[in-house]
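Okay, here's what each chain looks like letter by letter:
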Amino acid sequence: MPAAPHYDFVHATAAIIAILALLSGLSLLLVKQVHEQVRVYAVQSVCAAAYTLLVGVNRVDAALIVLAVWTALIKVVVIPIMIDRAVTRRVSEHEVPLVVQVPMSLLIGVTLAGLAYWSASALPTHGALLPMPALGMPLSLVLIGFFFMITRQNVISQIVGLLTLENGVFIATVAIAPGLPFAIGFLLLLDLLPAVVFYGVFARLIAARAKTTSIEDMAVLRG
Amino acid sequence: MAIWLVIMLALPLAAAAAGVLLGDRPASGRLSAVAAAASFAAALVAVFADHAVRGRHAFGNTFFLDGLSGVFLIAVAFVYAVVAVYSIGYLRPGIGHIRLRRWYWPLLDVFGFALLATPVVANLGVLWVAVELTTVVSALLVTAEGSDESLEAGWKYIVIGSAGLAIGLFGIVLIYAAGVPSLGVHYTPTYSTLAHAAPHLNGSLVRTGFAFALVGFGTKVGLVPMHAWLPDAHSEGPSPVSAMLSGALLAAALYAVLRIGAITQRAVGPSYVHVLLLVFGGLSLLLAAFFTLRQTNYKRLLAYSSIEHMGIVSLGIGIGGPIAAYGAFFHVIVHAAAKTLAFFGAGDLLSRYETRDADDVRGVIRLAPFTGAMVLLGALAITGVPPFGIFRSELLIVTGGFAQSKYALAGLLVVFVNVAFVGVYQLFHRMVISPGEPTPRDRTRLSRPEQPLMAVAMIASLAVVLVLGVWIPSPLNRLLHAAATVIGGRV
């Protein structure tokens, strides 16, 4: 008879963080206001930073702890403020037109999460602290972020979807390849920052043309 | 070798810094062109003069150069050099309509730097960062004309490209995780480390990692069905930028796929990598060939042609065996030269007619004979008409298909390449040869003298694709054999 899994404080905390991160991903599908979407992203990033911190403390790994602090600073504070200042306050409308309505979005989001957990269970990964399958939650965020991007016709929402997808990849990196963040973790964030600045430029350009961040009118190029 | 690689990478950065300081002065362009040409020369020395084909590290584990990286390095360095020269002419008043003039040169140089770095870095993490950098910079260049269409194209490109690269990074993370049991938690994922450890890597993680990497980096390659950004970005960006995207960026992203594919192949055997490349390559060739038949925007047509050619290279590698792989790598180089020629010609055409619609362009050969000749030769070159290099590379891939007893694949390749030929050639023939009745105003604009540097860049591209069609120099031959050995098997 297999032994019952042992859950201590650290594993239980990791499990709670994983649940919160997954719920934050699903919550994105519920909100229509762009400011709220940015805030949900910030909450999700708190989960990413907290998980990195937990792994760092558990492994007594100073680099991961620094990375956690850095992640919190960039993703929880700098990026949301930057997006907010760059675009959100400059446009007149704040509600995002939806290609797929909220109930259906949520249903698809839950299905995607189920698919992610099912796919991840086939991979022999032992994630640092995360409940098995370790890649279930990060992969869910990747899929939900992708789905969010393609069904929200708004510049800010697409940025938030992309950053959610990136959060999933980030958590996966800390979970199954905790040595990798030394090599690319900082580079990843440093790279992310200018990318967001550029997104801000693009978004501002679009907003400047029609005082809107909607991309519904972007349909000139086809075929 | 190391010093040449450092020079090659330092020059574009120095030119970018100078460009920021000099702003919109003519010296910015001249400096960039000199830096790009010198980088190309340094790349040639690094690849050919120091036996790099054997596979060597430089500066510890910072750089790695072997046959595979050598082929792609030469292709991107050549494109960067000719694009920089062409751009000087294109940015002259009354020719290209670039609004982002102040930042054009620094962005082009940083783009060149990232493209040159991609094939020479030695580890998967830095490879990803280099490809990501190309996205950020080139997306801004796509919007350089400042039109609504270019803005839409730039937005699609950065969103789809970044999503693809995040997925590509996920693939790299999985491959890293596959090495943790044998290499430990902390290791640097250099190609050689992973290649040596390949027999001990976890097979299912490597397979899944490669699938993610193929989809992720394949988005940047423009493989179907992840290609949605490509026709827009190529058609709406300024023509020299389109040439850089098509000839160099797609190749650099394909390099990332093949580099990860080479590791995967060592870990789980070649058939898995080959099958995935055949599926995505075949889909790309098929869809792009048919889309060429219905285009009236000549720059968009060239964009679909780029998807077709990336499909051909993927098929060449996917067929397996040394002959097809040799042909595929040769195709990377000749496609780079042919597609720059085609986009340069299209840029010249666009600057004269101020339309992308082929229905509004007639009789170019009579009104602007040099432009007409270049446009037509570019169309013939990219469609693989002999004696151009693409004919030779496609013939090699088909021969490789027969050598591997993959007759159906070879046959399909022949069929769809000919479908694409019909699509591309009939449109360019109509524009260049068919008689038209231009207005007096058109006559004045169309008959403006050739811009010398644009002409030089076009002739250089034409010379490369033509010469390589009839003669492959022995150092290049050795390099192509070495590249084929990395992923196609020993020759």
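Check the entry above for the structure.
Source: prediction; values computed, not measured.

A.B. asks: Would you mind showing me how to read the overall build of chain B here?
C.D. replies: Across its full length, chain B holds 20 helices and 2 strands. Computed over the C-alpha atoms, the radius of gyration of chain B is 21 Å, within 12% of the 23 Å expected from 2.2 N^0.38 for a compact globule of 491 residues. Structurally, chain B occupies a C-alpha span of about 75 × 55 × 40 Å along its principal axes. Counting across all 491 residues of chain B, residues that qualify as buried make up 66%. Relative to all contacts within chain B whose residues are 6 or more apart in sequence, the contacts with residues 24 or more apart total 81%.

A.B. asks: Is there a simple way to think about the overall build of chain A in this case?
C.D. replies: Across its full length, chain A carries 7 helices and 0 strands. Residue burial in chain A is summarised as follows: out of 223 residues, 50% are buried. Within chain A, contacts between residues at least 6 apart in sequence are counted, and of these 73% link residues at least 24 apart.

A.B. asks: Looking at this model, I keep getting lost on the nonpolar core. Mind explaining?
C.D. replies: Membership of the largest hydrophobic core comes to 273 residues, with the highest contact counts inside it found for Ala75, Val76, Tyr80 and Val173 of chain B. Among residues more than four places away in sequence, those in contact with Val173 of chain B are Val169, Ala172, Thr173, Ile176, Ala177 and Leu180 of chain A.

A.B. asks: Any chance you could explain the environment of Ala252 of chain B here in plain terms?
C.D. replies: All names here are of chain B. Positionally, Ala252 belongs in helix H10 (residues 239-268). Between the C-alpha atoms of Ala252 and Phe217, which are 35 residues apart in sequence, the distance is 9.5 Å. Setting aside residues no more than four positions away along its own chain, Ala252 makes contact with Phe72, Val76, Leu115, Thr118, Pro119, Val131 and Thr134.

A.B. asks: Any chance you could explain the environment of Ala17 of chain B here in plain terms?
C.D. replies: Relative to the elements of secondary structure, Ala17 of chain B occurs in helix H1 (residues 2-22). A sequence separation of 308 residues divides Ala17 of chain B from Ala325 of chain B, and the C-alpha atoms of the two residues are 39 Å apart.

Conventions and cut-offs
- Residues numbered from 1 in each chain as written.
- Chains lettered and ligands numbered in written order.
- Predicted model: local features only at pLDDT ≥ 70, side-chain atom pairs only at ≥ 80, totals over all residues.
- Helix = DSSP H or I, 4+ residues; strand = E, 2+ residues; numbered from the N terminus.
- Rg over C-alpha atoms; globule rule 2.2 N^0.38 Å.
- Buried ≥ 20, exposed ≤ 12 C-beta atoms within 10 Å, placed from the backbone.
- Contact = placed C-beta atoms within 7 Å.
- Core = buried A, V, L, I, M, F, W, Y, C linked by C-beta atoms within 7 Å.

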